[in-house]
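A structural walkthrough
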Amino acid sequence: MKKQHQSVLLYCVLFLIWFFIPYTSVEGADRNDKINYPAYMQGIDYGNGPIYVIGHRPPDSDSVCTAIAYANLKRKLGINAEARITSAINAETAYALKYFDFQEPPLLDNAASKNIILVDHNSFAQAVSGMDKANILEIIDHHNFIGDVKTAAPAYYRNLPIGCTSTIVWLEYREANVPIEKGMAGMMLSAILSDTDNLQSTTTTDLDRQAAADLVKKANVKDRTAYFLAMEEEFAAYRNMSDKDVFYSDYKEFTVNGISYGCATVVALTPEKRQALEQRLGDWVMKNFNTQKMDMLFLKIHDLETYSATISCYGPGSVGCAAKAFATVDGNKIILGKNISRKKVVRLLQPQIEKWAATQGK
Ligand SMILES: [Mn+2]
């Protein structure tokens, strides 16, 4: 071989070594994928952990599945993070965990003095007790800022006005170049489908659609809608649950100008089942309103077949406020042509409740 050719060959070999070596050290990553440690993480003192990733109370699928996927991402980035739940999970979440072969995360019933990453909420009212004495390092959320959350040190706070917290976590996997394994894809997909009602809700953005399309493939879910309906069927069966349990299965509390109100959302498979639930839960609220310690209660029920909804209103002034916020009123009930998110319900209701509070001298 001529000397010239030998040196060309040598350069080729050196180039190949230079090209491949940096990528072989990243475990589980594809070639050319190098984990990208986000620079902002340098500003956070994660210590040795454990850092608990935790959603709101009571938990929904976004709160639980997103906590699992986000804790996993943090671990891939070298942080000792673990998912926790705030209280018993619902049947929909249990279905998703079982489907993708996950154990239910352990319970954390008091966050005082713990290192915490909050997902899917930003207020103490929706957090597990002791959160006001916790060391909150991050908040990853997609809700409006109703929060009273304070942190001792500057925190990483990421809030996007999109359909689901898991969409933000999906984005962070991509930004950090961490491959998404089947199970984690399943967790994030379940959260997105749950929060966006299979990408139908008014809160759904193109980013949620993009994430869901990618995660469906990675989770190896052949039929997205079939998986969503199977999840919802479990949820809407409300098996072995009292009227009270069903009412509080997906419930959040708010306060405006001294008026406290709760907003429950319940799902039914068909319009007939929706009407039956309206009757059943309506009877329960009527009998028990005085013991629930809220000024107003709102109960939204939608069905998955027609995707229409009603909001039943309880407590002095509640129907009046809802009538101003929404169009069609029938007795104590608002008829919604198309289901809307609780977020939107609260956004429309809150100013009316505020005005009403002023007329009551509050
Ligand atoms: Mn959510």
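Residues numbered from 1 in each chain as written. Predicted model: local features only at pLDDT ≥ 70, side-chain atom pairs only at ≥ 80, totals over all residues. Heavy atoms only, no water.

**A short note on the packing of aromatic side chains**
The criterion, for reference: Think of it this way: a Phe, Tyr or Trp ring, Trp meaning its six-membered ring, pairs with another when their centres are within 6.5 Å, and the plane angle makes it stacked under 30 degrees, edge-to-face over 60, tilted otherwise. Buried residues are those whose accessible area, probed at 1.4 Å on protein chains only, stays under 20% of the maximum for their type, while exposed residues exceed 50% and partly exposed ones sit between those limits. Numbering goes from the N terminus for both helices and strands, where a helix is a DSSP run of H or I of at least four residues and a strand is a run of E of at least two.
Under the defined criterion, the tally for this structure stands at 15 aromatic pairs. Taking the centre distance of 6.0 Å and the plane angle of 45° together, the rings of Phe247 and Tyr251 count as tilted. Taking the relative accessible area as the measure of exposure, Tyr251 reaches 8% and is therefore buried. Here Phe247 and Trp284 contribute two aromatic rings whose centre-to-centre distance is 5.5 Å and whose plane-to-plane angle is 40°, an arrangement assigned as tilted. Taken as a pair, Phe247 in helix α8 (residues 243-247) and Trp284 in helix α9 (residues 271-288) lie far apart in primary sequence, 37 residues in all. A residue is classified by how much of its surface remains accessible, and Phe247, at 0% relative accessible area, is buried. Through successive ring pairs, a cluster of aromatic residues spans Tyr95, Tyr99, Phe100 and Tyr227.

**As for the packing of helix α10 (residues 318-325) against helix α11 (residues 342-359)**
The line we're drawing: All axes here are fitted lines through C-alpha atoms, helices being fitted over the stretch that makes contact, and every angle between N-to-C directions spans 0 to 180 degrees. Put simply, angles under 35 degrees are roughly parallel, angles over 145 are roughly antiparallel, angles from 65 to 115 are roughly perpendicular, and the rest are oblique. Definitions for this section: a left-handed crossing has its near helix turned counterclockwise from the far helix by less than a right angle. A right-handed crossing has that turn clockwise. A contact between two residues is defined here by any heavy atoms of the two lying within 4.5 Å.
Closest axis-to-axis distance for the α10/α11 pair is 8 Å, and the angle between their directions is 130°. If you check the angle between α10 and α11, you find them oblique. Like other packed secondary-structure pairs, α10 and α11 cross with a definite hand, here right-handed. Residues Cys321, Ala322, Lys324 and Ala325 of α10 form the contact with α11, whose participating residues are Leu348, Leu349, Gln352, Ile353 and Trp356.

**What to know about the coordination of the manganese ion**
Let me state the cut-off plainly: Donor selection uses N, O and S atoms within 2.8 Å of the metal (3.2 Å for Na, K and Ca). Since no water is included, sites may look incomplete.
Those protein atoms acting as donors to the manganese ion are Asp62 (OD), Asp120 (OD), His142 (NE2) and Asp195 (OD), and they sit at 2.1 to 2.4 Å. Each donor residue of the manganese ion belongs to the same chain, and together they define the spacing D-x57-D-x21-H-x52-D. Of this pair, Asp62 sits in helix α2 (residues 61-76) while Asp120 sits in the loop between β3 (115-119) and β4 (135-141), and the two are 58 residues apart along the sequence. In this structure, Asp62 and Asp120 share a single accessibility class: buried.

**Let's talk about the UniProt feature "domain: DHHA2" (unreviewed entry) in the chain**
The condition is simple: UniProt positions are given in the numbering used here, feature names are shortened, and annotations may be inferred rather than shown by experiment.
UniProt records the feature "domain: DHHA2" (unreviewed entry) for residues 237-346 in the present numbering. Within the segment residues 237-346, helix and strand shares are 34% and 34% respectively, and the terminal C-alpha atoms sit 26 Å apart.

**Concerning the environment of Thr167**
Mapped onto the secondary structure, Thr167 falls in helix α4 (residues 165-176). Judged by its relative accessible area of 0%, Thr167 falls in the buried class. Taking the C-alpha atoms as reference points, Thr167 and Val53, 114 residues apart in sequence, are found 16 Å from one another. Contact partners of Thr167, with chain neighbours within four places excluded, come to Ile162, Ile192, Leu207, Asp208 and Ala211.

**Notes on the side chain of Ser260**
Examined against the element boundaries, Ser260 turns out to sit in strand β7 (residues 259-268). Classification of Ser260 by relative accessible area gives buried; the value is 16%. Beyond its immediate sequence surroundings of up to four residues, Ser260 is in contact with Phe254, Thr255, Lys293, Met294, Asp295 and Met296.

**Some thoughts on the nonpolar core**
What counts, and what does not: Nonpolar core, defined: a set of buried Ala, Val, Leu, Ile, Met, Phe, Trp, Tyr and Cys residues in which side-chain atoms within 4.5 Å join the residues together. Where each domain begins and ends follows an automated or database-derived domain assignment.
Counting 78 residues, the largest nonpolar core has Tyr70, Tyr173, Met188, Leu215 and Phe247 as the members making the most contacts within it. Looking at this core, you find at least three residues from each of domain 1 (39-232) and domain 2 (243-359). Apart from the residues within four sequence positions on either side, Tyr70 is in contact with Tyr40, Val53, Ile117, Val119, Glu138, Ile140, Tyr156, Val169 and Glu172. By size, the runner-up hydrophobic cluster in this structure holds 22 residues, among which are Cys263, Phe298, Val345 and Leu349.

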